Amino acid sequence: MGNFSATCSCDNLTGPNGDRISEDIAVLNSTSLREAGIVPDDGLERLHKVPSVAAPVVSALSSNTTTANNLTSSLVYIEHSPMAMSAASSTDCGLSSRRSESSSRALTVTKAMSMMKTTGLGLVNVCPAQLDKQKVAAFRDRLAKAGIDTAKWGYGGAKSIEHLFWEVESQRGCVIITLPSGALKRITRLVKIALVTEIFGVDHALFSRMQFMHDGQTVERKQVPLRKLSWLDTDSGDLQANADDLSAELCVFTENWRTGCRKTLQDRLGLTTTWQNQHLVEDELAYKYIVEDNVKSDGYPGLNTMYCIHEVTFRIRDPSHAGVQLIGLPEGQEFATAEGDFNFHGQQDDHGLAIGTQLNIWTWSRVQASVDKDSSLSKPVAAAAAATAQPQVPPKPSAAVKTPEEQLLIRRVPLPPSAAQIMGGMQYRLHPTRRSTEPPSGVLFSCMDTLTTNWKKAHNIASRILDAGYTLQHFNDDLGCFPELNLYLFDEKRSLSRHSSVNAVSSGRTIGDEFQRTIGAFFAIYWMMRIDIDGRDGFSNGVDDDWKPVKLTDDDDPRVTQAGKRRKFQQDAKWCFFKKLLMNAGLIEEKKVTSWFKTTTKIVVNEKRLVSLLALTAIHDIMKMNMILPEVQKEHAPYHGYAAGDTISDHDHALSYVMDHFPQLLPSFRDLDAAERRSVHFTQCDLCFNHGW
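Residues numbered from 1 in each chain as written. Predicted model: local features only at pLDDT ≥ 70, side-chain atom pairs only at ≥ 80, totals over all residues. Heavy atoms only, no water.

S.K.: Teacher, can you tell me more about the overall build of the chain here?
M.R.: Secondary structure assignment for the chain yields 20 helices and 20 strands. The buried share among the 693 residues of the chain stands at 52%. Within the chain, residue pairs in contact and separated by at least 24 positions form 69% of the contacts whose partners lie at least 6 positions apart. Total accessible area on the chain stands at roughly 30,300 Å², and carbon and sulfur atoms take up 51% of it. (Helix = DSSP H or I, 4+ residues; strand = E, 2+ residues; numbered from the N terminus. Buried < 20%, exposed > 50% of the residue type's maximum accessible area, 1.4 Å probe, protein only. Contact = heavy atoms within 4.5 Å. Areas by Shrake-Rupley, 256 points an atom, 1.4 Å probe, with all protein chains shown as cover.)

S.K.: Explanation requested: unusual backbone geometry in the structure shown.
M.R.: Negative phi values dominate among residues other than glycine, just as trans dominates among peptide bonds. Note the cis peptide between L329 and P330, where omega equals 10 degrees. Within the fold, P330 resides in the loop between β16 (304-316) and β17 (335-339). With an omega of -10 degrees, the peptide bond running from A637 to P638 counts as cis. By the secondary structure assignment, P638 is in the loop between α17 (607-619) and α18 (651-661). The backbone phi angle of R172 is positive, close to 55 degrees, even though this residue is not glycine. Looking at where R172 falls in the secondary structure, it is placed in the loop between α3 (161-169) and β9 (175-178).

S.K.: I'm lost on the confidence of the model for the chain in this one. Help?
M.R.: As a general rule, the predicted coordinates of low-pLDDT regions are not to be interpreted in detail. With 69% of its residues at a pLDDT of 70 or more, the chain shows a mean pLDDT of 75. With pLDDT under 50 throughout, residues 369-409 is counted as low confidence; its partners more than four residues away or in other chains account for 82 contacts. (pLDDT = per-residue confidence, 0-100.)

S.K.: Mind showing me how you'd approach the packing of aromatic side chains here?
M.R.: How two aromatic rings sit relative to each other is set out by the distance from centre to centre and by the angle between their planes. Within the structure shown, the criterion is met by 16 aromatic pairs. Judged by centre distance (6.4 Å) and plane angle (55 degrees), the ring pair of F475 and F523 falls under tilted. Note that F475 is positioned in helix α11 (residues 472-478) and F523 in helix α13 (residues 513-529), a separation of 48 residues in sequence. Grouping residues by exposure puts F475 and F523 together as buried. Between F539 and F569, the ring centres sit 6.1 Å apart and the planes meet at 25 degrees, which makes this aromatic pair stacked. Of this pair, F539 sits in helix α14 (residues 531-541) while F569 sits in helix α15 (residues 563-572), placing them 30 residues apart in sequence. The exposure class of F539 is partly exposed, given its relative accessible area of 32%. Each member of the aromatic cluster is reached from another via a ring pair, and the members are F475, F482, F522, F523, Y526 and W527. (Phe/Tyr/Trp six-rings, centres within 6.5 Å; stacked < 30°, edge-to-face > 60°.)

S.K.: So what exactly am I meant to see when it comes to the pairing of strand β19 (residues 588-594) here?
M.R.: Every regular strand shows the same layout, with side chains that alternate between the two sheet faces. Judged from the 7 bridges that link them, β19 and strand β20 (residues 599-605) form a sheet pairing that is antiparallel. Bridge pairing in β20 places K591 opposite K602. The turn joining β19 and β20, which pair antiparallel and follow one another in sequence, is formed by 4 residues. (Pairing = 2+ DSSP bridges.)

S.K.: Which parts of the structure should I look at to understand the pairing of β17?
M.R.: Most of β17 is tucked away, with 5 of its 5 residues classed as buried. Burial along β17 is two-sided: F335, T337 and E339 and A336 and A338, pointing in opposite directions, are all buried. Sheet analysis places β17 next to strand β18 (residues 358-366), joined by 5 bridges and oriented antiparallel. Looking at β18, one finds that F335 is bridged to W362.

S.K.: Explanation requested: the packing of α14 against helix α16 (residues 575-584) in the structure shown.
M.R.: Packed helices, taken two at a time, are described by the angle between their axes plus the distance between the axes. Closest axis-to-axis distance for the α14/α16 pair is 12 Å, and the angle between their directions is 115 degrees. The handedness of the crossing between α14 and α16 comes out as right-handed. For the pair α14 and α16, contact is made by I531, D532, R536, F539 and S540 and by W575, F578 and K579, respectively. Looking at the contact of α14 with α16 residue by residue, the classes come out as 4 nonpolar, 1 polar and 3 charged. (Axes fitted to C-alpha atoms, helices over the stretch in contact; angles between N-to-C directions. Left-handed = near helix turned anticlockwise from the far one by under 90°. Nonpolar A, V, L, I, M, F, W, Y, C, P; charged D, E, K, R; others polar.)

S.K.: Explanation requested: the packing of α17 against helix α20 (residues 674-682) in the structure shown.
M.R.: The N-to-C vectors of α17 and α20 enclose an angle of 40 degrees; their axes lie 10 Å apart at closest approach. One finds that α17 runs oblique with respect to α20. Between α17 and α20 lies a crossing whose hand is right-handed. Where α17 abuts α20, its residues K608, R609, S612 and L616 lie against E676, S679 and V680. A class-by-class count of the residues in the contact of α17 with α20 yields 2 nonpolar, 2 polar and 3 charged. (Parallel < 35°, antiparallel > 145°, perpendicular 65-115°, else oblique.)

S.K.: Even after reading the chapter, I still don't get the pattern of salt bridges, so can you show me in this structure?
M.R.: Two side chains bearing opposite charge may form a pair once their charged atoms approach each other closely. The final tally for this structure, using the stated rule, is 24 salt bridges. Between K591 and E589 there is a salt bridge whose closest N-O contact spans 4.0 Å. Overall, E589 belongs to the partly exposed group, its relative accessible area being 38%. When salt bridges with common partners are traced through the structure, they connect R227, E255, K263 and D267 into a single cluster. (Salt bridge = Lys/Arg side-chain N within 4 Å of Asp/Glu carboxyl O.)

S.K.: Quick question: what am I supposed to make of the side chain of T305 here?
M.R.: Note on placement: T305 falls in strand β16. You can call T305 buried: its relative accessible area is 0%. In terms of polar contacts, T305 uses its side chain to reach the backbone carbonyl oxygen of L303, at 3.3 Å. (Polar contact = N/O pair within 3.5 Å; in protein donor to acceptor, adjacent residues only side chain to side chain.)

S.K.: So what exactly am I meant to see when it comes to α13 here?
M.R.: It helps to recall that an α-helix has 3.6 residues per turn; residues three or four apart then point in one direction. Taking 1.5 Å as the rise per residue, α13 with 17 residues should run 24 Å; its terminal C-alpha atoms sit 25 Å apart, in good agreement. α13 sits mainly inside the fold: 15 of its 17 residues count as buried. (Expected span 1.5 Å × (residues − 1).)

S.K.: Before we go on, may I ask you to explain the environment of M529 in this structure?
M.R.: With respect to the element layout, M529 can be found in helix α13. When the C-alpha atoms of M529 and L587 are compared, they prove to be 8.4 Å apart, with 58 residues separating the residues in sequence. Residues contacting M529, with those up to four places away along its chain left out, are I465, L466, L582, L587, I588, V605 and L610.

S.K.: For this particular structure, what's the right way to read the environment of A643?
M.R.: By secondary structure assignment, the location of A643 is in the loop between α17 and α18. C-alpha separation for the pair A643 and E631, spaced 12 residues apart in sequence, amounts to 9.3 Å.

S.K.: I keep staring at the side chain of R186 and nothing clicks. Help me out?
M.R.: Position of R186 among the secondary structure elements: in strand β10 (residues 184-199). Polar contacts involving the side chain of R186 include one to the side chain of T305, which spans 3.3 Å.

S.K.: What is the right way to read the nonpolar core from this model?
M.R.: Soluble globular proteins: nonpolar side chains tend toward being buried together. If you look at the biggest cluster of nonpolar residues, it comprises 69 residues, and the most contacted ones within it are F475, F482, F522 and F523. Listing elements by their share of this core, those giving two or more residues are α9 (442-448), α10 (455-464), α11, α13, α16, α17 and α18. For this core, the element with the most residues is α13, which contributes 9 residues. (Core = buried A, V, L, I, M, F, W, Y, C linked by side-chain atoms within 4.5 Å.)

Structure (structure tokens):
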């Protein structure tokens, strides 16, 4: 990725009224703070700032709560995704990766996910400044005498001399022996784990797709959970004398590889031994031992390396079990882990962050689509391992076709870049000392009181939706005009209590899911309105990485899942019925256009009607967020069976109540004309507009 920016804690900042900002809010970008109304100008000089390669650091929200023996947080972060990247390079452990310096231009997106704090490497984490300087200098001399140029170490994605010294002396993750020629060779033994499960009937494997390192470098690579096996405290002379035995499958000089498997899952993912025994089953037939010798490591340029790799496979017993939700199941959501004492402002401390601490973004990536579910587990594992085991750079696939490992069954829409700023402001206003008590919901009032709808953008959608050049990406960007969408992103329990880790809504889904579902409804409207342009392709097949509708060529098209079913749907669907529905709803109409020679029929958009539908879609499910449910006021009781003082739990009735008596809290409804407001209101208590959800 071009750059990754986020934070986890902030203890000494003050708000506009001199109030101390909750430690649950962490913000590093001064512009974001000022625009969100969180920190005044005179308090900005106290902000810690993290160096950034391509863009300024922005904000992240987190909560500190304990779940399953781990410190769990809700992470909101800005990711700068490059639009153009240099060719992938081979990196340490033979992993294909791209690093932050290689981007030529970036697309900024905001993402939200859960984050677990794990032990990482625990007690062996050491800050670079705390290493023995004399020993580091002697280590540097040894490398120089062997002809290794370390001038570029610590830059451009390469690790530092201090890191290698720590890896040898503190972590004991590798040994360096002297060959008869006088050259040095680094030997590291490690375990790689393919964690496999079925998501919607298709096998997926877990990968870390991005790592934010202790030194501020951001690395993008598909890396399975792995860990270096610890070398025992052995005299270097014994290692030299037994050099041929160092690559044996069962090596007496390191910890047992099975012990390493358990530690990998616990240290990297925070999965305790009890959890592993309950939820994992090993595929013993998939085990492999591989030796990769004479590898040119990008991590330590010029230092020849031998990798001795134990590849082990575990399958999730039951992906629907509540106990596996912490790793993004059953729906395959991304999640993050912060290893050790990792935090984003720690780089500015006197000693910096400890070597070995890092933040990982984990994703479930689809393995080979042709896997026979009744066959040995080794087949999906082989596909997962293949993504990380090759020391050479694989051929770069074409822009239109992805490798099976790169196909994700679940693709989530990026959050608008402004989401972090808006949520930061909302979070500040929801502090117990500032939260409003205004009826019918103090939380709803606190969130929406100062927000307005950008009607210029809303009408731009309606006027351009039939333009050939108005893409889904343009449409998605313009949807930020509806401020109510930000309510779908709130972590309810964290907003109202600092001691809970549940990110829940009344539908039983987690933070951000209702936002994704609502955006899906918006996208359906976009494609239906464009049936005669590109709507049939987009509705049936989705879009590619450039937001262009996918046009399928055959039933085995590798760009999508179930290509045959998609093609059949597109061919057999009664598209004329969809079009008739739009006409009956008054969204489009046919107009005759007469020229000198003939009269033709043209489809035109009823812009006012379409804007009303978009506004309805933005607000129709906000009351699934329990924190904003209204309480019936005495002067309005009874209301659809609810007495005075009752909280309206039905989300349709709750929205109807706010429309009836507090429309000022819904700017996207309030500003519609009277006739359109009546139509929108009809969909709630009278019709229950919910797309069957």
